[in-house]
Amino acid sequence: MKFSEDTLKKVAEVIARYPEGKSKSALLPVLHMAQDEFGGWLSPATMDYVAGLLNLEPIEVYEVATFYSMYNLKPVGKYIFEVCQTGPCMLNGSDRIIDYIKAKLQIGVGETTQDGLFTLKTVECLGACGYAPMMQMGKNYREHLTKEKVDAIIEECRQNAALNN
Amino acid sequence: MSIKLLLEKANVPGIISYEVYRREGGYASVEKALRNMTPDQVTDEVKKSGLRGRGGAGFPTGLKWSFLAKPDGVPRHLVCNADESEPGTFKDRYLMEFLPHLLIEGLIVSSFALGSHHTYIYIRGEYAWIPDILEKAIAEAKENGWLGKNILGTGFDCEIYVHRGAGAYICGEETALIESLEGKRGNPRIKPPFPAIKGVWDRPTVVNNVESLAAVVPIINYGAEAYAKIGIGKSTGTKLISACGNINKPGVYEIDMTISVEDFIYSDEYCGGIAHGKKLKACIPGGSSVPILPANLLLKTAKGEKRLMNYESLADGGFATGSSMGSGGFIVLDEDQCVVKHTMTLSRFYRHESCGQCSPCREGTGWMEKILKNIEYGKGKMSDIDLLWDIQRRIEGNTICPLGDAAAWPVAAAIRHFRDEFEWHIRYPEEAQQRNFGLAHYADPLPAPQSA
Ligand SMILES: Cc1cc2nc3c(=O)[nH]c(=O)nc-3n(C[C@H](O)[C@H](O)[C@H](O)COP(=O)(O)O)c2cc1C
Ligand code: SF4
Ligand code: FES
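Residues numbered from 1 in each chain as written. Chains lettered and ligands numbered in written order. Predicted model: local features only at pLDDT ≥ 70, side-chain atom pairs only at ≥ 80, totals over all residues. Heavy atoms only, no water.

**Observations regarding the domain arrangement of chain A**
What the domain assignment lists for chain A is domain 1 (5-67) and domain 2 (79-163). If you average the C-alpha positions of domain 1 of chain A and of domain 2 of chain A, the two centres end up 29 Å apart. (Domains from an automatic or database assignment.)

Here it is in structure tokens:
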């Protein structure tokens, strides 16, 4: 296991942002890079690799990886639908959207479809309350969700997946 | 039209780029501050402006800056709090997405005032596309000599870095944020020592909200006196409000703090009234942790005065009959919404976000969520209401950081103002599964809105 040359360069850049001897500060950004590069989740081997890279004890990395909700500690589907269910989104029908996705993909919250394409999660407020209901999908937000929009997103994902295969 | 200081140029096409931003007068405050003022003069100006922290607590920004320790030979840091995770709040995102240079400009002037040569923007991890926008703006500012070494030939050096979080509301709390910036779990620190003395890497640190730091630009450009003339009393300048829930026009609005809550909700310039022609039931005016108010107490204070959109007026009546400006996250509930269910989602949020260090917060938030769930899903007991009250009271004030209070207040306020709705859920569990309670008798609505 090793980062690409490009990523290693980025890691060095990130470490240089913090004072001498404080490279632990780069841990959160480097874990993001690791998750992006090594299959969308942080396996124990990935975390150990990051620990070595930043001169940390593995436990220091595990502690952090388990604290933050964006680090996946288990493999996840190719597309993760993270639907917000907090107050303001609930007021605008997030429950209906969650139920619709469940029925459409035939999975429960926290589950992945059999083809490994989709994972459904519920999450707490993502700072898009005025554009509710909404979900996060990878690096982007999908807002003002309706059933039709959800259908279109699922279709889009399936097509992208087919193209990449 | 009210005065706009932050969003004035938000609709200028291309304002996200350096060229357009500069052409529209951008970076003038950096020229003014670095060329003609000393760092202490900048701090003084911010003090005189009356600017209060826009992150939630409303602490005077200039005063906070004046507390920063300046021991010889020890670097100090400014950290911009862009963690924005309080439910109902999405104003900082708007500023960063559409006016990134305004934030960078404010950060340069503020870094100069505080003597921060390495300034960090801590942004919530979920805003995953925004670091690219900020980093582009930083690179453009640097190319044009506003960042880097010897800025404008004044001898002042400054770099700005973006640091992405990874999903944890608690990292908005300033000492948790500092821990997270150090690459650790976001466990809040016990204060004192305060960050102003011992912050990130044990160095003196100032943590300020995105909007507070952006507001430094108009303060320097127009002068503290002119800034302080806008607004009313101790609510000087303008405030960004992110409005959401059951309104016709959710979004981010800049207000001068003299307008009434009623105008804010019903005028077409702002929320445009309640969606689908319904009636107003309740509102949380300042982000999920501040007390919810029924319509009658929201539009008028207990004394019968018009309630205004500012720090003093929203807080009028204390927590008994008032609320708070908080972060400016304005959440509106229409007549068909269920206060029990809404409160349950907020309790779930705080349980999820508790860092777990203090038992009253770790255990209490879980109990509150569970009891509220029982009541919502028809399994509540009458004694649960008093139990909830008791739990929230035992959390408040007994924890390391204010997340405990933030979790307690929404529950307390919901029971205080909507007790009959809780009782109805418990008394008629089956009916409560079929329909909502509707307007509380005291959530006496206005006549139907004229617009919409
Ligand atoms: C649980 C908790 C969450 C917070 N979240 C944020 C936040 O997301 N953004 C923010 O600016 N301040 C947040 N704060 C307030 C910060 O601790 C701090 O007071 C603020 O960043 C100071 O900036 P200001 O004075 O400019 O408002 C939070 C506080 C607590 C207790
Ligand atoms: S009050 Fe809650 S979030 Fe704050 S330190 Fe204690 S357990 Fe953590
Ligand atoms: S409540 Fe869903 S984004 Fe804020």
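**Considering the site of ligand 1**
Residue and element names in this part refer to chain B. Taken together, 18 residues sit near ligand 1, with Gly55, Asn81, Asn208, Asn209 and Ser212 positioned nearest. Here an oxygen atom of ligand 1 and a backbone polar atom of Arg54 are 3.3 Å apart. Within the side chain of Lys64, a nitrogen or oxygen atom sits 3.4 Å from an oxygen atom of ligand 1. A total of 610 Å² of accessible area belongs to ligand 1 in isolation, and the protein chains cover 89% of it. Take the shell around ligand 1: its biggest share by element is three residues, from strand E5 (residues 205-209). A class-by-class count of the residues in the shell around ligand 1 yields four nonpolar, eight polar and six charged. (Near = heavy atom within 4 Å. Polar contact = N/O pair within 3.5 Å; in protein donor to acceptor, adjacent residues only side chain to side chain. Areas by Shrake-Rupley, 256 points an atom, 1.4 Å probe, with all protein chains shown as cover. Helix = DSSP H or I, 4+ residues; strand = E, 2+ residues; numbered from the N terminus. Nonpolar A, V, L, I, M, F, W, Y, C, P; charged D, E, K, R; others polar.)

**Notes on the interface of chain B and chain A**
Chain B puts 57 residues into the contact, and the matching count from chain A is 39 residues. Between chain B and chain A the total buried area reaches about 3,900 Å² when both faces are included, carbon and sulfur atoms providing 57% of it. The tally of links from chain B across to chain A stands at five salt bridges. In this structure, Lys341 of chain B and Asp95 of chain A form a salt bridge, with 2.4 Å as the shortest nitrogen-oxygen distance. Our enumeration of links across chain B and chain A arrives at 27 residue pairs in polar contact (both at pLDDT 80 or more). Mapped by element, the contributors of at least two residues to the side of chain B that touches chain A are helix H5 (91-98), strand E2 (118-123), helix H7 (130-143), strand E4 (156-164), helix H8 (174-181), strand E8 (238-245), strand E12 (329-334) and helix H15 (339-353) of chain B. A total of eight residues in the side of chain B that touches chain A trace back to one element, the largest contributor, which is H15 of chain B. Across the side of chain B that touches chain A, the residue classes tally to 26 nonpolar, 17 polar and 14 charged. (Contact = heavy atoms within 4.5 Å. Buried area = accessible area lost by both parts, 1.4 Å probe. Salt bridge = Lys/Arg side-chain N within 4 Å of Asp/Glu carboxyl O.)

**Structural notes on the nonpolar core**
Ranked by size, the top nonpolar core spans 156 residues in total, and within it Tyr68 of chain A together with Ile104, Ile121 and Phe422 of chain B carry the most contacts. Sort the elements by how many residues they give to this core and helix H18 (residues 403-427) of chain B lands first, with 11 residues. The residues contacting Ile104 of chain B, other than those within four sequence positions of it, are Tyr27, Ile121, Ala137, Ile138, Ala141, Leu147 and Ile160 of chain B. With 27 residues, the next largest nonpolar core counts Tyr270, Cys283, Leu299 and Leu314 of chain B among its residues. (Core = buried A, V, L, I, M, F, W, Y, C linked by side-chain atoms within 4.5 Å. Buried < 20%, exposed > 50% of the residue type's maximum accessible area, 1.4 Å probe, protein only.)

**Notes on the sheet that holds strand E1 (residues 77-82) of chain B**
Residue and element names in this part refer to chain B. What the five strands build is an open sheet, ordered E3-E4-E2-E1-E5; its pairing is mixed. Edge positions in the open sheet fall to strand E3 (148-151) and E5, since each of these has one partner strand only. Along the sheet, successive strands turn relative to each other by an average axial angle of 25°, direction set aside. Across four bridges, E1 lies against E2 in parallel orientation. Residue pairing for E2: Val79 is matched across the bridge by Tyr120. (Pairing = 2+ DSSP bridges. Axes fitted to C-alpha atoms, helices over the stretch in contact; angles between N-to-C directions.)

**A short note on the state of the cysteines**
Counting across every chain of the model gives zero disulfides over all chains. Cys271 of chain B provides the cysteine sulfur closest to Cys283 of chain B, a residue in no disulfide bond, and the two sulfurs are 8.3 Å apart. (Disulfide = S-S within 2.5 Å.)

**Describing H18 of chain B**
Along H18 of chain B, the largest kink reaches about 90° and is centred on Phe418 of chain B. Counting buried residues along H18 of chain B, 19 of its 25 residues qualify, which places the element largely inside the surrounding structure. (Bend = angle between axes of the 7 residues up to and from the residue.)

**So, the domain arrangement of chain B**
Residues and elements named next belong to chain B. Taken domain by domain, chain B consists of domain 1 (18-229), domain 2 (235-334) and domain 3 (339-434). Distance from the C-alpha centre of domain 2 to the C-alpha centre of domain 3: 23 Å. Taken together, the 15 residues of domain 2 in the interface contact 13 residues of domain 3. For the pair domain 2 and domain 3, the two sides together bury roughly 1,200 Å², of which 70% comes from carbon and sulfur. Considering only the side of domain 2, the residues that lose the most area to domain 3 are Ser289, Ile292 and Phe319, jointly responsible for 42% of the buried surface there. Our enumeration of links across domain 2 and domain 3 arrives at one salt bridge. One can count four residue pairs in polar contact (both at pLDDT 80 or more) joining domain 2 with domain 3.

**Looking at the pattern of salt bridges**
It is possible for side chains of opposite charge to pair when their charged atoms get near one another. Under the defined criterion, the tally for this structure stands at 44 salt bridges over all chains. A salt bridge links Lys121 of chain A to Glu82 of chain A, with the nearest nitrogen and oxygen atoms 3.8 Å apart. One end of the pair, Lys121 of chain A, is in strand E2 (residues 118-123); the other, Glu82 of chain A, is in strand E1 (residues 79-84), and 39 residues separate them in sequence. One salt bridge in this structure joins Arg351 of chain B and Glu369 of chain B, with 2.6 Å as the shortest N-O distance. With a gap of 18 residues between them, Arg351 of chain B in helix H15 and Glu369 of chain B in helix H16 (residues 359-376) connect regions that are remote in the sequence. Residue classification places Arg351 of chain B among the partly exposed residues on the basis of a relative accessible area of 33%. Exposure remark for Glu369 of chain B: the relative accessible area of 6% places this residue in the buried category. Put simply, Arg54, Lys91, Asp92, Glu211 and Lys239 of chain B are held in one network by salt bridges that share partners.

**Details of unusual backbone geometry**
Note: most residues except glycine have negative phi, and most peptide bonds are trans. Lys191 of chain B connects to Pro192 of chain B through a cis peptide bond whose omega is -10°. Structurally, Pro192 of chain B is set in the loop between H8 and E5. Residue Gln106 of chain A is not a glycine yet carries a positive backbone phi of 60°. Residue placement: Gln106 of chain A occurs in the loop between helix H6 (94-105) and E2. With a phi close to 50°, His144 of chain A is a non-glycine residue in the positive phi region. Following the sequence through the fold, His144 of chain A ends up in the loop between strand E4 (140-142) and helix H7 (147-164). With a relative accessible area of 44%, His144 of chain A lands in the partly exposed category.

**What about H15 of chain B?**
Look at H15 of chain B: 21 Å from first C-alpha to last across 15 residues, which is about the 21 Å you get at 1.5 Å a residue. Of all 15 residues making up H15 of chain B, 13 are buried, and the element is well covered by its neighbours. (Expected span 1.5 Å × (residues − 1).)

**Focus on the site of ligand 2**
Around ligand 2 there are 13 residues in total, and Cys355, Gln357, Cys358, Cys361 and Cys401 of chain B lie nearest to it. Of the residues that constitute the shell around ligand 2, the class distribution is eight nonpolar, five polar and no charged.

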